[in-house]
Amino acid sequence: QANLKGTQLSNNPNAYSKGSQRKFIRITNGRLFAVYESMGNIYLERSTDNGASWEIFNNTVGKRLNSYPAHSPSIDFYNVNSSNGDVVLVTFVEDIDAATSRIMVAGLSDKLAAPLLFTQEVSLVDRSVQGYGNPVIACSGNGKFIIAFKGWDNGNYGIFYRRGIINNWQLTWVEVDPFNLPKISNTNNNSLLPTIAEDRNTAGISYQLAWEQSGAIRYCKLVEDANGNIAQTNHSVISNGSSYIFHSSPSIIAIGTGARVCWLGWNDTDPIVSAVVFKDPANSRFWSFGNNVSKPNINKSNDNTYYAFGWSQNNSTVKFADNSLRSVYEIIGITGKDVQISNGNGKTNMFANIFKAASQPYFFTMSNNLNHYYSIQKSNGMLVSSGRTGVIRKNGGEVYFALGDITVNNQKVEFVECSPETDISNISQLNQYLETEAFEVTDNSGFEYTVQYGIVDTSLASGMFGQGEQVRFKVELIDNNSGELLGVFDDVVYDQNNLTDFENILYQVNTQGIGQRTVKLRLKVEENINPVVSMVDRIDNEGALAKGKRKELKYEGETIPKEFALNQNYPNPFNPTTVISWQSPVGSHQTLKIYDVLGNEVATLVDEYREAGRHKVEFDASSLASGVYIYKLTAGSFTSSKKMMVIK
């Protein structure tokens, strides 16, 4: 255990698992601070040499910040002045007994020989409360700060907050009564893992707050006026439209009077699809990064010109993305389970602290500066894959179709440029950006792409559609010069009768017969339900979309059929087998059944979803007597039947 009290060591495998809590910062003079829990104690460490060495930063006995067993620390700082340096504030949870905990805050000066200024109680918390505590802290300058946490007050559950002011090293509370603290409106016992930030570069005080609630991410602002009064803006559910059903562990930064938020999103598909989701709450757009990811953490440069968010993939590979929202960068040479990103004076001064929990003692490893990994990725020629998703929402239901990882002869095909500031608010805008740049193909091109499509929550999807209403997704190949439609590779319709839960296909397109052309691939969305729309950019350096089953498309220079048709079986008459073929202009649930002349069903040949195209099945009538039979095709609202004869 003595070894676990060394620097940058912890016995808790979840020491960094809460990305919503900030645990790694750089203060004004450039010194680094890291906070974590080990053996039930809270330790604050300082590095004065840019992470080359660390010291436990506290003058108390045992050097821990807590008096009772403690966990869930979070950190922030503010600059007093050039003479007195910075005050570092740490909030955490102490478990007093089996029933009661308390939220604590400790203040430490980077300038004083005895750095601990105070340790004070913020509020008591009932340990039976789901996700109790998890405090987060944000400093707004001039000695002001706010702590938000999950709590309980006389049967009222939710996210509560308390503000403090430090003057001459003394702490004064704005909300004096710890038993009557303000609660964030519309929060409840399902509200978890708050995250908070404030931009000290901007005049006024506007705290940016996000939290998890009932599997969604919610967001609001707490704006303080000149008299110190707080006004809460209306909260919004910012995760709707991301194409993921579950959302957890948000991490936030404040830029101006707005925010940037990232979190963990996933779908309970087989296999499970998870990613880091990113959003500016003021914009309809989403971005998703990685696959099989950990909970992310975001931080920014001190002047707001740069930000980065990091995560681990498969509990090993460590990655990050930045405010360009175009690429994923890998932190080469360091693996780990969870990641924290520091602030700093730009990407040459910002680092990742990575926690590895493979065997005890678990340890932290600091990366090189983030700028270092840009040049590594460029020199290694790492391919960044991309995809885009069209998302359609109505009445709480949500369907999506993702197209991505498009390559021709192993060369990546990009989507058309769409700046991060572009807001997507209607179908026309959505279709404009669900299209690739032009690329060359010939009869012998190696052409691949991947699709994922499905329903975010099957229990809500049926409420999207009335009689005759539908959403249609089509993947089309277009001649770039003439605009000619060369082929429709996917044609998926969602309506009352078709609510396909999830599909994931890697297509390999045989281009024999296409000739030499310049073409574009596009995802086209058609609908008649007046929905809310959104677009998700999907980015990774290992493939933007998970790869499901593989399917080869034989390109023959023709489009998908323009109408339904059921063909006469061949041969006819027959004994004992024949082939029945048909064509469908759209994907739908289809049935093909055999009846005798009295109308009795004798066989079901097809009862499943079929994509647009031409289909055929072989029918074996060995068990049937000679005579006339009827085969009937039903595809959505289309029905057709024909006679055939068995002769034995």
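The structure displayed is predicted, hence computed values, not measured ones.

About the thresholds
- Residues numbered from 1 in each chain as written.
- Predicted model: local features only at pLDDT ≥ 70, side-chain atom pairs only at ≥ 80, totals over all residues.
- Heavy atoms only, no water.
- Helix = DSSP H or I, 4+ residues; strand = E, 2+ residues; numbered from the N terminus.
- Buried < 20%, exposed > 50% of the residue type's maximum accessible area, 1.4 Å probe, protein only.
- Contact = heavy atoms within 4.5 Å.
- Phe/Tyr/Trp six-rings, centres within 6.5 Å; stacked < 30°, edge-to-face > 60°.
- Pairing = 2+ DSSP bridges.
- Axes fitted to C-alpha atoms, helices over the stretch in contact; angles between N-to-C directions.
- Polar contact = N/O pair within 3.5 Å; in protein donor to acceptor, adjacent residues only side chain to side chain.
- Core = buried A, V, L, I, M, F, W, Y, C linked by side-chain atoms within 4.5 Å.
- Salt bridge = Lys/Arg side-chain N within 4 Å of Asp/Glu carboxyl O.
- Disulfide = S-S within 2.5 Å.
- Patch = residues over 30% accessible without salt bridge, like charges linked within 9 Å, V, L, I, M, F, W, Y side chains within 5 Å.
- Areas by Shrake-Rupley, 256 points an atom, 1.4 Å probe, with all protein chains shown as cover.

Structural notes on the overall build of the chain
Alright, step 1. A count of helical and extended segments in the chain gives 3 helices and 47 strands.
Alright, step 2. Each principal axis of the C-alpha atoms in the chain carries an extent, and together these give about 100 × 55 × 50 Å.
Alright, step 3. Considering the chain as a whole, with its 648 residues, one finds that 56% of them fall into the buried category.
Alright, step 4. Contacts in the chain between residues far apart in sequence, at least 24 positions, make up 60% of those at least 6 positions apart.

Side note on the packing of aromatic side chains
Alright, step 1. According to the stated counting rule, one finds 30 aromatic pairs in the structure shown.
Alright, step 2. When the centroid spacing of 6.1 Å and the interplanar angle of 40° are considered together, the rings of Y36 and Y43 count as tilted. One exposure class covers both Y36 and Y43, and it is buried.
Alright, step 3. When the ring of F278 is compared with that of Y307, the centres are 5.8 Å apart and the planes differ by 20°; the resulting orientation is stacked. Of the two residues, F278 is situated in strand β21 (residues 273-279) and Y307 in strand β24 (residues 307-313); the sequence distance between them amounts to 29 residues.

Some points on the sheet that holds strand β38 (residues 517-527)
Alright, step 1. Spatially, 4 strands are ordered β33-β38-β35-β36 in an open sheet, and the strand pairing comes out antiparallel. Strands at the two margins of the open sheet, each flanked by one partner only, are β33 (439-441) and β36 (485-494). In this sheet, neighbouring strand axes are inclined to one another by 30° on average, regardless of whether the strands run parallel or antiparallel.
Alright, step 2. One ladder, built from 8 bridges, connects strand β35 (residues 471-479) with β36; its direction is antiparallel. Its bridge partner lying in β36, R472 is registered against V493.

Observations regarding the pairing of strand β46 (residues 627-635)
Alright, step 1. Relative to β46, strand β43 (residues 588-596) runs antiparallel, the two being bridged by 7 bridges. Paired with Q590 across the two strands is A635, which belongs to β46.
Alright, step 2. One ladder, built from 9 bridges, connects β46 with strand β47 (residues 638-646); its direction is antiparallel. Following the sheet pairing, Y631 is matched in β47 by K642.
Alright, step 3. Between β46 and β47, which pair antiparallel one after the other, the connecting turn spans 2 residues, and G636 there sits at a positive phi close to 65°.

Some remarks on the sheet that holds strand β3 (residues 32-38)
Strand pairing within a sheet occurs via backbone hydrogen bonds; the two strands may be parallel or antiparallel.
Alright, step 1. Across the sheet, 4 strands lie side by side as β2-β3-β4-β5; this open sheet has antiparallel pairing. Since the sheet does not close on itself, it has two edges, and those belong to β2 (24-26) and β5 (55-56), each with one partner.
Alright, step 2. Alignment of strand β4 (residues 41-47) against β5, held across 2 bridges, turns out to be antiparallel. Paired with R46 across the strands is E55, a residue of β5.

Notes on the pairing of β43
Alright, step 1. In terms of strand pairing, β43 meets strand β44 (residues 601-610) through 8 bridges, oriented antiparallel. Pairing of L592 across the sheet is with V606, part of β44.
Alright, step 2. Between β43 and β44, which pair antiparallel and follow one another directly, the connecting turn spans 4 residues, one of which, G599, has a positive phi of 90°.

Some words on the side chain of E435
Alright, step 1. Note on placement: E435 falls in the loop between α2 (427-433) and β33.
Alright, step 2. Within polar-contact distance, the side chain of E435 engages the side chain of K520 at 3.0 Å.
Alright, step 3. Dropping the residues within four chain positions of it, E435 is found in contact with F415, V416, K520, L521 and R522.

Regarding the side chain of T518
Alright, step 1. Summarising the element assignment, T518 is placed in strand β38.
Alright, step 2. Among the polar contacts made by the side chain of T518, one reaches the side chain of E440 at a distance of 2.5 Å.
Alright, step 3. Once residues lying within four places of it in the same chain are set aside, the contact partners of T518 are A438, F439, E440, I478, D479, N480 and N481.

Quick word on the nonpolar core
In a soluble, globular protein the nonpolar side chains are often hidden away together inside.
Alright, step 1. I392, Y449 and L521 are the most contacted members of the largest nonpolar core, which totals 45 residues.
Alright, step 2. Apart from the residues lying within four places of it in its own chain, the contact partners of L521 are L403, I406, L434, E435, T436, F439, F447, Y449, V475, E476, L477 and F489.

Concerning the pattern of salt bridges
Two side chains bearing opposite charge may form a pair once their charged atoms approach each other closely.
Alright, step 1. Within the structure shown, the criterion is met by 28 salt bridges.
Alright, step 2. As a salt-bridge pair, R102 and E121 come within 3.5 Å of each other at their nearest N and O atoms. One end of the pair, R102, is in strand β8 (residues 100-109); the other, E121, is in strand β9 (residues 116-126), with 19 residues separating them in the sequence.
Alright, step 3. With relative accessibility at 16%, the residue R102 sits in the buried group.
Alright, step 4. Taking the relative accessible area as the measure of exposure, E121 reaches 28% and is therefore partly exposed.
Alright, step 5. One salt bridge in this structure joins R610 and E608, with 2.6 Å as the shortest N-O distance.
Alright, step 6. Here R610 falls in the buried class, since its relative accessible area comes to 17%.
Alright, step 7. Through salt bridges with shared partners, one network takes in K474, E476, R522, K524 and E526.

Here's the deal with the environment of A254
Alright, step 1. Turning to its location among the elements, A254 is positioned in strand β19 (residues 246-255).
Alright, step 2. Taking the relative accessible area as the measure of exposure, A254 reaches 2% and is therefore buried.
Alright, step 3. In this structure, the C-alpha to C-alpha distance between A254 and Y68, residues 186 residues apart in sequence, is 33 Å.
Alright, step 4. Aside from chain neighbours lying at most four places away, what touches A254 is A197, E198, D199, Q208, A259, K300 and N304.

Some points on the state of the cysteines
Alright, step 1. Applying the stated rule across the entire model yields 0 disulfides.
Alright, step 2. Here C139 is not cross-linked by a disulfide; its sulfur's nearest cysteine counterpart is in C220, at 19 Å.
Alright, step 3. Taking relative accessible area as the criterion, C139 reaches 0% and is therefore assigned buried.
Alright, step 4. In this structure C220 is not part of a disulfide, and its nearest cysteine sulfur, from C262, lies 18 Å away.

Structural notes on the environment of L65
Alright, step 1. Along the chain, L65 falls in the loop between β5 and β6 (70-81).
Alright, step 2. Since its relative accessible area comes to 5%, L65 is described here as buried.
Alright, step 3. Sequence spacing of L65 and R46 is 19 residues, and the spatial spacing of their C-alpha atoms is 14 Å.
Alright, step 4. In this view, L65 contacts I42, L44, N58, V90, F92, A106, L108, L116 and T119; residues no more than four positions away in its chain are not counted.

Remarks on a nonpolar patch on the surface
Alright, step 1. Taken together, V597, L598, V628, M645 and I647 make up a surface patch of nonpolar side chains, about 460 Å² in accessible area.
Alright, step 2. Within the secondary structure layout, I647 lies in the segment after β47.

Observations concerning the environment of V597
Alright, step 1. With respect to the helices, strands and loops of the structure, V597 is situated in the loop between β43 and β44.
Alright, step 2. Along the sequence, V597 and V628 sit 31 residues apart, while their C-alpha atoms lie 6.6 Å from each other.

Regarding unusual backbone geometry
Excluding glycine, residues mostly carry a negative phi; peptide bonds, for their part, are mostly trans.
Alright, step 1. Y570 connects to P571 through a cis peptide bond whose omega is -5°.
Alright, step 2. Its location among the elements puts P571 in the loop between β41 (565-566) and β42 (577-584).
Alright, step 3. With an omega dihedral of 0°, the bond running from N572 to P573 counts as a cis peptide bond.
Alright, step 4. Inspection of the secondary structure puts P573 in the loop between β41 and β42.
Alright, step 5. The backbone of S72 sits at a positive phi, close to 60°, despite the residue not being glycine.

Function cannot be read off these values alone, since they describe shape.
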